[in-house]
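# Notes for the structure review
For reference, the chains in residue letters:
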Amino acid sequence: MNILKFFTAGSVDDGKSTLIGRLLYDTDSILADQLEALQSSNRKNDDGTIDLAILTDGLRAEREQGITIDVAYKYFQTEKRKFIIADTPGHIQYTRNMVTGASTANLAIILIDARNGVVEQTIRHSYIVSLLGIKHVVVCINKMDMVDYSETVYSAIIEKYKVLAQQLKLADVTYIPVSALKGDNIVQNSGNMDWYEGESLLHFLEKVDTDNLDKSQLARMPVQWVIRPQTEELHDYRGYAGRVLSGTFNLNDKVTVLPSGASSTVEKIEFFDQTPDAAHAGQSVIIHLKDDVDISRGDTIVNASALPQESKLIEADLCWMDGRALDTSIMYNIQHNSKITRCKISEILHKVDINTLEKHAADEFKLNDIGRVIIKTADALAFDLYDDNRANGSAILVDTRTNLTVGALMFRAAVE
Amino acid sequence: MSTYNFDYLDELEAEAIHILREVAGQFEKPALLFSGGKDSITLVRLAEKAFRPGKFPFPLVHIDTGHNFEETISYRDQMVERIGEKLIIGSVQESIDQGKVVEQTGKNASRNALQTVTLLDTIAKYQFDACIGGARRDEEKARAKERIFSVRDEFGQWDPKRQRPELWNIYNGKIHKGENIRVFPISNWTELDVWNYIRREKIDLPSIYFSHERDCITRNGQLMAASPFLNMDDEDVVERKQVRFRTVGDMSCTAAVESDATLIDDIISEISASKISERGARMDDKVSEAAMEDRKKGGYF
Ligand SMILES: Nc1nc2c(ncn2[C@@H]2O[C@H](COP(=O)(O)OP(=O)(O)OP(=O)(O)O)[C@@H](O)[C@H]2O)c(=O)[nH]1
Ligand SMILES: [Mg+2]
């Protein structure tokens, strides 16, 4: 059994939390005591039925205001698959929390209120989905109960969204008309929309391919920790502990250690009490090399015949996540896997206007701004382009004054 | 191209090991909070997988309420002996003796809330900058909101409205002096995942997780182990029951469930069929809708 990670996006009140509550409720994933708590809660729908959104709106402030502020993670499973859901906020103010929930997902559910159609937040979230390279998108046209389950309304909205999807190069988009509140087409196919011939949301989620296994040849393992027991019997033991980001390391593979450029060969792979012949993407292992090379945390072991890019000047998309605007005159820390080094944003190439998706020249970058920049790093980074290898093509910016995470970076090119 | 089996338990395990190694790499003085419950026992196995044949780069820390199940303490001591790692004990009794906290009174008195003070004192005394805990997001709705690296201020407080963004698998562990980070490597595991993992890894557990006979009383609709730590009066009727515990904490706040499950397979089928959540067996969460959020804001695990 494997895991599908997905998140819900869309504008405020489009019904994201309700949809997740409905999925959990209709798959019988809510336990009796939680249900009891729901029933006794004073937040109810207008008709007196329980408000499913409070299943995920777990903070007091969220329940009081009836909105989602931060991501909530929920878990359920069916016979076919395990699901990890991130319920993200729709408010523009909390976009950074939406990006947090989206960054680890392989599928996005974008909700659209059937009464309002595509709105600014729909475009913003779809744009973020495309930036983050989320493979699958499901667009749920929600609140169909409020538009008489009308096919005309549904078709008009998806026609509009298709234009956006094309603009954003979203390759794999599926459309489903739903009512999260009433449960139409969420788990069971709805009797109210005979004109819809597709599957229910759950059925789609159960069979969409997850492609968790990374098939690239780009074997990469950032070293997190060097294991040196220095005991009598393990005097010369030196193992490099890390998680394989992508690709596969086999015994006797020729590898290069970056940034030093030293070459060696994989001598042994350890996983606790096992010594497998290969270490694959996703696995946390210990690698031993034949030669005595100097390696420490922050270095990356890579396949010698498929080297990453190495540069101190990188073009990247930046999503700004702090209330304090970007300051191009100061140094930030950039954290790329286990490597942390100083950096500056040396140039803002453009900012994207979320309404029109047009690029504009800009000299400032504020909360929730998204655009393209050039970063200059103190030490060179060994990276891949985000579209080739998400895990080795992303980084965060940390403000050294506040220690806050202020930016998300997706690498697009090395600058020569 | 080679294919390989990498199922959901492998994925959860690899993620947790990655997080533990990030703690080792990013902090000066980390600690692993060990409660003696199944989640922290799972953490110990994950730490072995992360760091063996080396030593753990952190001690285990047990915040001891003094109201423990005997079985938990003997399990703890045997385990520490087996793995050969350092154990630090923070004692709630000591905090009481020093007058830092006052024992609760009344029928529902428990030391659960007092632990927070002892925990914060222990963190301050040893200057821990990161504390690894076994909390899971599926346990409770406030926990469902917490980051894997969760910043606490000097007073141990969690501010749910100001959490840092946490992107991809990159964890920002930078903090100011006096602050610390709580780290939750098994955030994404469910109760059932933990049990399936324990079965797969053949991990030993304290015997109280399995069915046994015990004197119990019924309080607020829940079965509590009769013990000197529970304030009992004439109305309390002691009954001999066949029970086990689904979660293990302080004796005065952990409820038992009636069960004949003596083997881990029985437990797994029991949980799969159960309609009550694990936290449903904790008196401490019954107080109000925001009980956990409030305790976390105050510095609780
Ligand atoms: N009629 C109808 N109402 C719905 C439907 N889905 C959600 N709602 C209502 O819309 C309101 C907002 O729903 P939420 O689920 O809280 O919306 P959200 O998208 O999670 O909002 P934020 O997280 O704050 O952005 C609630 O009053 C829901 O009951 C639906 O399918 N039909
Ligand atoms: Mg919501």
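What you are looking at is a predicted structure, and each value in this text was computed from that prediction instead of being measured. (Residues numbered from 1 in each chain as written. Chains lettered and ligands numbered in written order. Predicted model: local features only at pLDDT ≥ 70, side-chain atom pairs only at ≥ 80, totals over all residues. Heavy atoms only, no water.)

Chain A puts 78 residues into the contact, and the matching count from chain B is 64 residues. When chain A packs against chain B, the two sides together hide about 6,200 Å² of surface, and 56% of this comes from carbon and sulfur. In terms of surface lost to chain B, no three residues of chain A exceed Tyr-75, Phe-272 and Asn-403 of chain A, which account for 11% of the buried area on that side. Note that Asp-70 of chain A and Arg-147 of chain B form a salt bridge whose closest N and O atoms lie 3.1 Å from each other. Joining chain A to chain B, the criterion identifies 23 residue pairs in polar contact (both at pLDDT 80 or more). (Contact = heavy atoms within 4.5 Å. Buried area = accessible area lost by both parts, 1.4 Å probe. Salt bridge = Lys/Arg side-chain N within 4 Å of Asp/Glu carboxyl O. Polar contact = N/O pair within 3.5 Å; in protein donor to acceptor, adjacent residues only side chain to side chain.)

Here the focus is the pairing of strand β16 (residues 309-320) of chain A. Residue and element names in this part refer to chain A. As paired elements, β16 and strand β20 (residues 370-383) share 10 bridges and run antiparallel to each other. Following the sheet pairing, Leu-318 is matched in β20 by Gly-371. Relative to strand β22 (residues 405-414), β16 runs antiparallel, the two being bridged by 7 bridges. Note that in β22 the partner of Trp-320 across the bridge is Gly-407. (Pairing = 2+ DSSP bridges. Helix = DSSP H or I, 4+ residues; strand = E, 2+ residues; numbered from the N terminus.)

The next subject is the domain arrangement of chain A. Along its sequence, chain A is organised into domain 1 (3-207), domain 2 (220-303) and domain 3 (309-414). Domain 1 of chain A and domain 2 of chain A are separated by 42 Å when their C-alpha centres are compared. (Domains from an automatic or database assignment.)

Residue and element names in this part refer to chain B. Taking 1.5 Å per residue, 14 residues should reach 20 Å; helix α3 (residues 70-83) reaches 20 Å between its end C-alpha atoms and fits that length. Listed as buried for α3 are Thr-72, Tyr-75, Arg-76, Met-79, Val-80 and Ile-83. Summarising the axial view, the buried residues of α3 lie within an arc of 130°, below the 170-degree limit, and thus occupy one face. With respect to the buried face of α3, the exposed residues turned more than 90 degrees away are Glu-70, Gln-78, Glu-81 and Arg-82. (Expected span 1.5 Å × (residues − 1). Buried < 20%, exposed > 50% of the residue type's maximum accessible area, 1.4 Å probe, protein only. Arc of directions from axis to C-beta.)

Residues and elements named next belong to chain A. Relative to the elements of secondary structure, Thr-27 occurs in the loop between α1 (16-26) and α2 (32-40). Given the relative accessible area of 19%, Thr-27 is considered buried. Within the structure, the side chain of Thr-27 is placed 2.6 Å from the backbone oxygen of Leu-23, a separation counted as a polar contact. At 3.2 Å, the side chain of Thr-27 and the backbone oxygen of Leu-24 are in polar contact.

It is worth spelling out the packing of aromatic side chains at this point. Taken as a whole and judged by the stated rule, the model has 16 aromatic pairs over all chains. A ring pair is formed by Phe-51 of chain B and Phe-58 of chain B, whose centres lie 5.7 Å apart and whose planes are at 85°; its orientation type is edge-to-face. Phe-58 of chain B sits in the buried class, given a relative accessible area of 4%. Linked through ring pairs, Trp-225 of chain A together with Phe-51, Phe-56 and Phe-58 of chain B together constitute an aromatic cluster. (Phe/Tyr/Trp six-rings, centres within 6.5 Å; stacked < 30°, edge-to-face > 60°.)

Further remarks concern the site of ligand 1. Residue and element names in this part refer to chain A. Near ligand 1 lie 20 residues; those nearest to it are Lys-16, Ser-17, Thr-18, Thr-68 and Asp-145. In this structure, Asp-13 approaches ligand 1 through a main-chain N or O atom, which is 3.1 Å from an oxygen atom. Here an oxygen atom of ligand 1 and a side-chain polar atom of Lys-143 are 3.1 Å apart. The fraction of the free accessible surface of ligand 1 (660 Å²) that becomes covered by protein chains is 88%. The element best represented in the shell around ligand 1 is α1, accounting for 3 residues. Looking at the shell around ligand 1, its residues break down into 6 nonpolar, 9 polar and 5 charged. (Near = heavy atom within 4 Å. Areas by Shrake-Rupley, 256 points an atom, 1.4 Å probe, with all protein chains shown as cover. Nonpolar A, V, L, I, M, F, W, Y, C, P; charged D, E, K, R; others polar.)

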